[in-house]
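Below are the chains, spelled out letter by letter.
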Amino acid sequence: MDRSGYRLLRVRGQGAFGQVWEAQASDGQLVALKLVALKSTIRNPATVVTELRNTQKVSLLRHPNLVQIEKVWCEEGQLYVVMELADASLQDVIEICFAEFGVGLPADLVCMYLEQVASALDFLNLRRAKFGGVRAGLQHCDVKPGNMLLFGETVKLCDYGLASLTSSPVVRSYRCGTPAFSAPEIFQGWLSDWTDQYSLAVSYCYLRSGRFPFTGPVPSDFAANYQRPSLDLEMLDAREKPAITRGMAPVPQDRWSSCGEMMRQISQKLGPRQDARSERRIDGLRHPCASKPLVRIVKKGLPGSYSARISDISRWGVGVAVEQSFDVGTEFLLLFPLTSANQKRILSARVAWTSMQTEGGWLLGCRLTFPISQAEIDSLSQQPKSKKND
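Residues numbered from 1 in each chain as written. Predicted model: local features only at pLDDT ≥ 70, side-chain atom pairs only at ≥ 80, totals over all residues. Heavy atoms only, no water.

*Asks:* Explain the nonpolar core to me, please; I cannot follow it from the model alone.
*Replies:* Inside soluble globular proteins, nonpolar side chains tend to come together where they are buried. Counting 73 residues, the largest nonpolar core has Leu105, Leu114, Met148, Leu200, Tyr204, Ile244 and Met263 as its most contacted members. Looking at which element gives the most residues to this core, the answer is helix α3 (residues 107-125), with 13 residues. (Core = buried A, V, L, I, M, F, W, Y, C linked by side-chain atoms within 4.5 Å. Buried < 20%, exposed > 50% of the residue type's maximum accessible area, 1.4 Å probe, protein only. Helix = DSSP H or I, 4+ residues; strand = E, 2+ residues; numbered from the N terminus.)

Written as structure tokens, this is what we have:
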């Protein structure tokens, strides 16, 4: 099916206000094409006009963690937005993790992802650009994992249709966004310089656990008399709780000075990270895994998972044997079955090289985004226990 010069290939996302398709342009380039019906029975046409204007405003801004808008136009009762095509959203990733493994994402991985989102939000929030001759900032107003897109190891923020201008710390605003992730002031008809930060903190908890950080149910609409229940941060450890608690303070001015500052506080508690992309595995540091423990591989952007066996392990790399080959650069999520206390750990990795095995199948050399500990290496590389003779 063709739409205004683009061939629609498959649906990549479905929301209350429209669909996002993977589409092919006339030059063969793959893009994301968002379609919104202007005369939708569930959407006020005036709101669509606002979305068009807001999207056009953000499309003029450039930041490495903002999804690039290529075209925006209206035609035959449809609003079209052409964007760069992502591998998946963080909502996709957390759903896959729970479907396959029954656990949320590890703190270091969530922190790496949301530091990038925080950079984009702080860029939007600062009053550095002029709109209509007035210097103002933008609150995104719909910060959630579904609007955080993965491009390899890069995360970019998308969907700017609800973005609102702010020329002062607190302004009157219509109630908008996704209620479960929205700050308390939105329910009262206000927007603050710290509104997006609250939603980012909720998103952090959701990615860590697959649930919301409240003792009661989350709202489905913006009832003006709604009161947020008390926080339930049991999904976090002691290193994460202080920063998230402040980021979700009921009074906006009590939150962190910026989204980036909140994420820096968590990162400092978690400890230093090294960029795995520059890591070179040294043969002498590899640990063979004689028992060939079983792992599960989730390929980002695709449903389902694959079985693999670990052949060797190091702090920054892992060799896995699989039945099928994958391209160099392919991003994976790996479930490591640590033996101590029946633990599991999810790690992010990238294929660095592939090799066909003489006995069939492929060996993938993967670089880890974060290192694993020596105790984990020992758990995975331990020799199988031999049976005692009678």
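*Asks:* Explanation requested: the pairing of strand β5 (residues 69-75) in the structure shown.
*Replies:* Consecutive residues of a regular strand have side chains that alternate between opposite faces of the sheet. Two elements, β5 and strand β6 (residues 78-84), share six bridges in a ladder whose sense is antiparallel. Considered in β6, the bridge of Cys74 is made with Leu79. What sits between β5 and β6 in their antiparallel hairpin is a turn of two residues, with Glu76 showing a positive phi close to 50°. (Pairing = 2+ DSSP bridges.)

*Asks:* Can you walk me through the packing of aromatic side chains in this structure?
*Replies:* For any pair of aromatic rings, the description consists of the separation of the ring centres together with the inter-plane angle of the planes. Across all of its chains, the model carries nine aromatic pairs by this definition. Three or more aromatic residues joined by ring pairs form one cluster here, namely Tyr6, Trp73 and Tyr80. Stacked on the ring of Phe151, the Lys or Arg Lys156 has its end atom at 4.9 Å from the ring centre. Sitting above the plane of the Trp256 ring, Arg246 keeps its charged end 4.0 Å from the centroid. (Phe/Tyr/Trp six-rings, centres within 6.5 Å; stacked < 30°, edge-to-face > 60°. Lys NZ or Arg CZ within 6 Å of the ring centre and 35° of its normal.)

*Asks:* Got a minute to help me understand the sheet that holds strand β11 (residues 154-157) in this structure?
*Replies:* Strands in a sheet are paired, the pairing made by backbone hydrogen bonds, and the direction either parallel or antiparallel. Reading across the sheet, the three strands line up as β7-β10-β11 and stay open at both edges, with antiparallel pairing between neighbours. Every interior strand has two partners, whereas the edge strands, β7 (88-89) and β11, have only one. One ladder, built from two bridges, connects β7 with strand β10 (residues 148-151); its direction is antiparallel. By the bridge assignment, Ala88 is partnered in β10 with Leu150. Sheet strands in contact with α3 are β10 and β11, and its direction is about 35° off that of β11. (Contact = heavy atoms within 4.5 Å. Axes fitted to C-alpha atoms, helices over the stretch in contact; angles between N-to-C directions.)

*Asks:* Looking at this structure, how should I read the packing of α3 against helix α5 (residues 195-209)?
*Replies:* When two helices pack together, you describe them by how their axes are tilted relative to each other and by the distance separating the axes. Contact pair α3 / α5: the axes reach a minimum separation of 10 Å and the direction vectors enclose 165°. When the axes of α3 and α5 are compared, the pair comes out roughly antiparallel. Here α3 runs over α5; the crossing is right-handed. From α3, Ala107, Val110, Cys111, Leu114, Val117, Ala118, Leu121 and Asn125 reach across to α5, where they touch Asp196, Leu200, Ser203, Tyr204, Leu207 and Arg208. (Parallel < 35°, antiparallel > 145°, perpendicular 65-115°, else oblique. Left-handed = near helix turned anticlockwise from the far one by under 90°.)

*Asks:* Even after reading the chapter, I still don't get the pattern of salt bridges, so can you show me in this structure?
*Replies:* Side-chain pairing between opposite charges can occur once the charged atoms of the two side chains come close. All chains considered together, the criterion is met by 12 salt bridges. A salt bridge links Glu84 to Lys156; its shortest N-O distance comes to 3.0 Å. With Glu84 in strand β6 and Lys156 in strand β11, the pair connects residues that are 72 residues apart, well separated along the chain. Each member of the pair, Glu84 as well as Lys156, carries the same accessibility label: buried. (Salt bridge = Lys/Arg side-chain N within 4 Å of Asp/Glu carboxyl O.)

*Asks:* So what exactly am I meant to see when it comes to the pairing of strand β16 (residues 294-299) here?
*Replies:* Alignment of β16 against strand β17 (residues 306-313), held across four bridges, turns out to be antiparallel. Paired with Leu294 across the bridge in β17 is Arg309. Direction of pairing for β16 relative to strand β19 (residues 331-336): antiparallel, over a ladder of four bridges. Residue pairing across strands places Arg296 opposite Leu335, the latter belonging to β19.

*Asks:* Could you clarify how one ought to interpret the environment of Arg296 in this entry?
*Replies:* Residue position: Arg296 is located in strand β16. On the basis of relative accessible area, Arg296 is assigned to the partly exposed category, the value being 27%. Taking the C-alpha atoms as reference points, Arg296 and Ala308, 12 residues apart in sequence, are found 6.1 Å from one another. Those residues in contact with Arg296 that sit more than four places away from it in its chain are Glu100, Phe101, Ser305, Tyr306, Ser307, Leu333, Leu334 and Leu335.

*Asks:* Help me understand the side chain of Arg255 in this model?
*Replies:* Looking at the secondary structure, you find Arg255 in the loop between α6 (241-247) and α7 (259-270). Separated by 2.9 Å, the side chains of Arg255 and Glu185 make a polar contact. For Arg255, the side chain forms a polar contact with the main-chain oxygen of Trp194, separated by 3.0 Å. Those residues within four positions of Arg255 in sequence are excluded, and the remaining contacts are Ala183, Pro184, Glu185, Ser192, Trp194, Thr195, Gln197, Tyr198, Arg246, Gly247, Ala249 and Pro250. (Polar contact = N/O pair within 3.5 Å; in protein donor to acceptor, adjacent residues only side chain to side chain.)

*Asks:* Please clarify how the packing of α3 against α7 should be interpreted in this entry.
*Replies:* Direction vectors running N to C along α3 and α7 enclose 160°, while the axes themselves pass 8 Å from each other. With respect to their mutual orientation, α3 and α7 come out roughly antiparallel. α7 is crossed by α3, and the crossing has left-handed handedness. From α3, Ala107, Asp108, Cys111, Leu114, Glu115, Ala118, Leu121, Asp122 and Asn125 reach across to α7, where they touch Cys259, Gly260, Met263, Ile266, Ser267 and Leu270.

*Asks:* What exactly am I supposed to notice about α7 here?
*Replies:* Count 3.6 residues to each turn of an α-helix, and residues three or four apart come out pointing the same way. When the terminal C-alpha atoms of α7 are compared, their 17 Å separation across 12 residues agrees well with the 16 Å that a helix rising 1.5 Å per residue should span. Those residues of α7 lying buried are Cys259, Gly260, Met262, Met263, Ile266 and Ser267. For α7, the angular spread of buried residues about the axis comes to 160°, placing them on one side. Along α7, the residues that are exposed and aim more than 90 degrees away from the buried face are Gln268 and Lys269. The inward-facing, buried residues of α7 contact α3, α5 and α6. After α7 finishes, the residue Gly271 shows a positive phi value of roughly 105°. (Expected span 1.5 Å × (residues − 1). Arc of directions from axis to C-beta.)

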